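Single-letter residue listing:
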Amino acid sequence: MHNITLINGDGIGPEISDSVVKIIKASGLDINWDIQSAGADVIEKEGTPLPQRVLDSIKKNRVALKAPVTTPIGKGFRSVNVQLRKSLNLYANVRPCKNLPGIVTRFDSVNLVIVRENTEDLYAGVEEKIDENTAHSIKIITRQASERICRFAFEYALKNNRHEVCAVSKANIMKLSDGLFLESYRNVAKDYPQIKQKEILVDNLCMQLVQNPEKFDVLVLPNLYGDIVSDLAAGLIGGLGVAQGANIGDDCAVFEPVHGSAPDIKGQNKANPTALLLSAVEMLRYIEEYSYADKIEKALFKTLTQGYKTFDLGGELSTTEFRDKIIENLV
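Residues numbered from 1 in each chain as written. Predicted model: local features only at pLDDT ≥ 70, side-chain atom pairs only at ≥ 80, totals over all residues. Heavy atoms only, no water.

S.K.: How would you explain the overall build of the protein chain if you had to name every residue and give the values?
M.R.: Counting its secondary structure elements, the protein chain contains 11 helices and 12 strands. Taken over C-alpha atoms, the radius of gyration comes to 20 Å for the protein chain, in line with the 20 Å a tight globule of 331 residues would show. Within the protein chain, buried positions represent 53% of all 331 residues. Once local pairs closer than 6 in sequence are excluded, the contacts in the protein chain between residues at least 24 apart make up 73%. Accessible surface computed for the protein chain: about 15,000 Å², of which carbon and sulfur atoms make up 49%. (Helix = DSSP H or I, 4+ residues; strand = E, 2+ residues; numbered from the N terminus. Rg over C-alpha atoms; globule rule 2.2 N^0.38 Å. Buried < 20%, exposed > 50% of the residue type's maximum accessible area, 1.4 Å probe, protein only. Contact = heavy atoms within 4.5 Å. Areas by Shrake-Rupley, 256 points an atom, 1.4 Å probe, with all protein chains shown as cover.)

Quick look at the structure:
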């Protein structure tokens, strides 16, 4: 039996995590879930959105499935996601973006993977207020973190039969910071002559993704660009409701959907559990439960192919109805 931390989140988090847990159980895989709450709902009781008990649980179990938690915009507590990544040194954010059966999009040939550096850059939120009219946000790029994420991207490509790793930067303007990232990529790339190498500026990438996304395979990016581009790529395959993600370090990994907590539909049984379910499928592969991962993924794909969808994808099924259809298709 596997011991896995489950952060059930807030907003729609508890609803979709409950559905995913039930689907995994119906597949026949026995998991002992260590359920941990985090986010806005625990601040009043524990004084922090990320109590130490959550980190201790993940360190002990080494694997976690995390539903979304709310991060206020422009005020309030720091992102739980950022704190998790920094506290556990989850330096690689991996977001596969691939067309799913039964979901009609503008493109039908998207199959790329975003590998995003997860610990530094502007996204780390190192800021200071200079005066009432001026604020600084500090962009930190280091050789160690850049080479580590580039090596992770090349190793990922090797293990998953990918053929190209493309470095994304704005090194023509930020010649020191992004220049260091690009230099690190070139140094690491020398060790992988069997993998095609490519470089692109982030603005050009965004244009090309909405014209010819099939041109791209594995993208490796600094933190902030990775955050933005991964949402753009999610739009190519049907939206955030089907976009999966993983945060991986040397000692542990946290699997989570790309989307947020959607408090506007909390408790309405409307949320789409697909992104969290796909994240769970990748988690099962991470713990080498390949047969169960394939079984659940096939059931999801069959359900979508049959035309069963939640409201965000143009369907009519509730969260629980969609869950039950997937369970019916488990064979």
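From this point, the discussion proceeds with the structure in view.
S.K.: How would you summarise the pairing of strand β8 (residues 164-169) if you had to cite specific residues and measurements?
M.R.: By the criterion of burial, β8 is predominantly enclosed, with 6 of the 6 residues buried. Residues E164, C166 and V168 point to one face of β8 and V165, A167 and S169 to the other, with burial holding for every one of them. Of the pairings in the sheet, the one linking β8 to strand β9 (residues 196-201) comprises 6 bridges and is parallel in character. What sits directly across from A167, in β9, is E199. (Pairing = 2+ DSSP bridges.)

S.K.: Can you explain helix α9 (residues 274-286)? Please cite residues and give values.
M.R.: Compared with the 18 Å implied by 1.5 Å per residue over 13 residues, the 18 Å span of α9 between its first and last C-alpha is a close match. Here α9 has its buried residues at T274, A275, L276, L277, L278, S279, A280, V281, M283 and L284. At the C-terminal side of α9, E288 shows a positive phi close to 65°. (Expected span 1.5 Å × (residues − 1).)

S.K.: Describe in detail the environment of A26, supporting the description with residues and values.
M.R.: In this structure, A26 sits in helix α1 (residues 13-26). Judged by its relative accessible area of 38%, A26 falls in the partly exposed class. Considering only alpha carbons, one finds A26 and E328, 302 residues apart in sequence, at a separation of 9.3 Å. Non-local contacts of A26, meaning those with residues more than four positions away in its chain, are made with I327 and L330.

S.K.: Requested: an account of the pairing of strand β3 (residues 63-66), with residues and values cited.
M.R.: Alternating residues of β3 divide into V63 and L65 and A64 and K66, and every residue in both groups is buried. Here 3 bridges tie strand β1 (residues 2-7) to β3, and the two strands are oriented parallel to one another. Note on β3: the bridge partner recorded for I7 is K66. Sheet analysis places β3 next to strand β12 (residues 253-257), joined by 3 bridges and oriented parallel. Within the sheet, the bridge partner assigned to A64 lies in β12 and is V254.

S.K.: Explain the sheet that holds β12 residue by residue, including any values.
M.R.: Pairing is mixed in the open sheet, where 10 strands are placed in the order β2-β1-β3-β12-β11-β4-β5-β10-β8-β9. If you trace the sheet from one side to the other, it starts and ends with β2 (31-36) and β9, each paired once. Averaged over all pairs of adjacent strands, the angle between strand axes in this sheet comes to 25°, irrespective of strand direction. With respect to the sheet, helix α8 (residues 223-236) is in contact with β4 (92-98), β5 (111-117), β8 and β10 (218-221), its orientation differing from that of β5 by roughly 155°. Helix-sheet contacts for α9 involve β1, β2, β3, β11 (244-248) and β12, and the interaxial angle to β12 is about 155°. (Axes fitted to C-alpha atoms, helices over the stretch in contact; angles between N-to-C directions.)

S.K.: Tell me about unusual backbone geometry, and please be specific about residues and values.
M.R.: Residues other than glycine seldom take positive phi values, yet N89 does so here, at roughly 55°. Take N89: it is sitting in the loop between α4 (80-87) and β4. The backbone phi angle of N269 is positive, close to 60°, even though this residue is not glycine. Within the secondary structure, N269 sits in the loop between β12 and α9.

S.K.: Can you break down the environment of E120 residue by residue, with the values?
M.R.: Considering the arrangement of structural elements, one finds E120 in the loop between β5 and β6 (127-131). Here the alpha-carbon distance between E120 and G241, two residues 121 residues apart in the chain, equals 27 Å.

S.K.: Give me empty space enclosed by the protein: which residues, what numbers.
M.R.: Under the counting rule described, the total for this entry stands at 2 cavities of 30 Å³ or more. Space inside the largest cavity adds up to approximately 40 Å³. Lining the largest cavity, in full, are V82, R85, K86, N118, T119, Y123, A124 and N223. No other element matches α4, which puts 3 residues into the lining of the largest cavity. Residue composition of the lining of the largest cavity, by class: 3 nonpolar, 3 polar and 2 charged. Here the second largest cavity is characterised by a volume of approximately 30 Å³. Around the second largest cavity sit K66, N81, L84, R85, L90, N247, V254 and E256, which together line it. Listed by contribution, the elements that provide at least two residues to the lining of the second largest cavity are α4 and β12. In terms of residue count, the dominant contributor to the lining of the second largest cavity is α4 (3 residues). In the lining of the second largest cavity, the residues fall into 3 nonpolar, 2 polar and 3 charged. (1 Å grid on protein atoms, 1.4 Å probe; cavity = no way out; pocket = protein on both sides within 12 Å on 5 of 7 lines; lining within 4 Å. Points joined across faces, edges and corners; volume = space filled by probe spheres on them. Nonpolar A, V, L, I, M, F, W, Y, C, P; charged D, E, K, R; others polar.)

So yeah, pure geometry; function would need other evidence.
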